[in-house]
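Coordinate analysis (summary)
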Amino acid sequence: MENKTRRLVVIALYTALALILSYLESLAPIPMPVPGAKVGLPNIVTLISLLTLGTPLTLLIVTARIFLSGFLFGSMSAILYSLAGGLLSFGMMALLLKVTREKLSLITISLLGAVSHNLGQLAVAAAVVQNMNLFWSYLPFLMLLAIPTGIVVGVAANLLYRQLQKINLFK
């Protein structure tokens, strides 16, 4: 019983933390050359959750965060874009952690997650406006933005994970 309760508390904490990070990003948008581009701070929680809780529970956290932040701070279109990017990014990072964790650093996995997130959102945007030129017009900018944002998220997740391991939080 204690393990189930502990797991439920951790899921709730991760979801709340991801929601807070999402809210903070909406409050203080960083000037980016592409409309709506963000650093992706909630992906810090996604990476930590993948490392500590595994894929199924992280999927629950990511989905809950996307819907909650969309309903609280965004719109239905924001939910649509976030689902496309967030789920593709989650899938990429989960796959890479499962298959290549010993070969790729958390920073590289985060960077590839950022690239996947941008591809997912671009695909939805191009489908919504029914114009593939939008996809190709924004692709170079978003791929370049994925590099620093993916690195920032990866470094933060790596540092946080190391600290959490030191205090034996996952025992």
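Not measured: the values here are computed from a predicted model. (Residues numbered from 1 in each chain as written. Predicted model: local features only at pLDDT ≥ 70, side-chain atom pairs only at ≥ 80, totals over all residues. Heavy atoms only, no water.)

Residues Leu47, Ile48, Leu50, Leu97, Ile109 and Ala157 are the most contacted members of the largest nonpolar core, which totals 25 residues. At the level of secondary structure, the elements contributing two or more residues to this core comprise helix H1 (2-27), helix H2 (42-52), helix H3 (55-73), helix H4 (76-100), helix H5 (106-129) and helix H6 (132-166). Core analysis: the second largest hydrophobic core is formed by seven residues, Ala37, Leu122, Ala126 and Leu145 among them. (Core = buried A, V, L, I, M, F, W, Y, C linked by side-chain atoms within 4.5 Å. Buried < 20%, exposed > 50% of the residue type's maximum accessible area, 1.4 Å probe, protein only. Helix = DSSP H or I, 4+ residues; strand = E, 2+ residues; numbered from the N terminus.)

The next subject is the environment of Val124. Secondary-structure assignment places Val124 in helix H5. The buried category is assigned to Val124, whose relative accessible area is 14%. Sequence spacing of Val124 and Gly85 is 39 residues, and the spatial spacing of their C-alpha atoms is 8.7 Å. Apart from residues lying up to four places away in sequence, Val124 is in contact with Leu80, Tyr81 and Ala84. (Contact = heavy atoms within 4.5 Å.)

With that out of the way, let us pick up H3. Compared with an ideal rise of 1.5 Å per residue, which puts 19 residues at 27 Å, H3 spans 26 Å between its outermost C-alpha atoms and is within 8% of the ideal. Looking only at H3, the buried set comprises Thr58, Ile61, Val62, Arg65, Ile66, Ser69 and Gly70. Down the axis of H3, the buried side of the element spans an arc of 150°, and every buried residue falls inside it. Within H3, the exposed residues directed more than 90 degrees away from the buried face are Pro56, Phe71 and Leu72. (Expected span 1.5 Å × (residues − 1). Arc of directions from axis to C-beta.)

The phi dihedral of Gln130 falls on the positive side, at around 55°, and the residue is not glycine. Mapped onto the secondary structure, Gln130 falls in the loop between H5 and H6.

On the UniProt side, "transmembrane region" (unreviewed entry) is annotated at positions that read residues 6-24, 44-67 and 135-161 here. Counting secondary structure, residues 6-24 comes out at 100% helix and 0% strand; the distance between its end C-alpha atoms is 27 Å. Split by type, residues 44-67 is 92% helix and 0% strand. Its first and last C-alpha atoms lie 18 Å apart. (UniProt positions renumbered as here; feature names shortened; annotations may be inferred.)

The full count for this structure, using the stated rule, is two aromatic pairs. Ring geometry for Tyr23 versus Phe73: centroids 4.6 Å apart, planes at 40°, classification tilted. Taken together, the positions of Tyr23 in helix H1 and Phe73 in helix H3 put the pair 50 residues apart, joining distant regions of the chain. A relative accessible area of 34% places Tyr23 in the partly exposed class. Ring centres of Phe67 and Phe71 lie 6.1 Å apart, and the angle between their planes is 35°; on these two criteria the pair is classed as tilted. Taken together, the residues span about one helical turn, with Phe67 and Phe71 both in helix H3 at a distance of four residues. (Phe/Tyr/Trp six-rings, centres within 6.5 Å; stacked < 30°, edge-to-face > 60°.)

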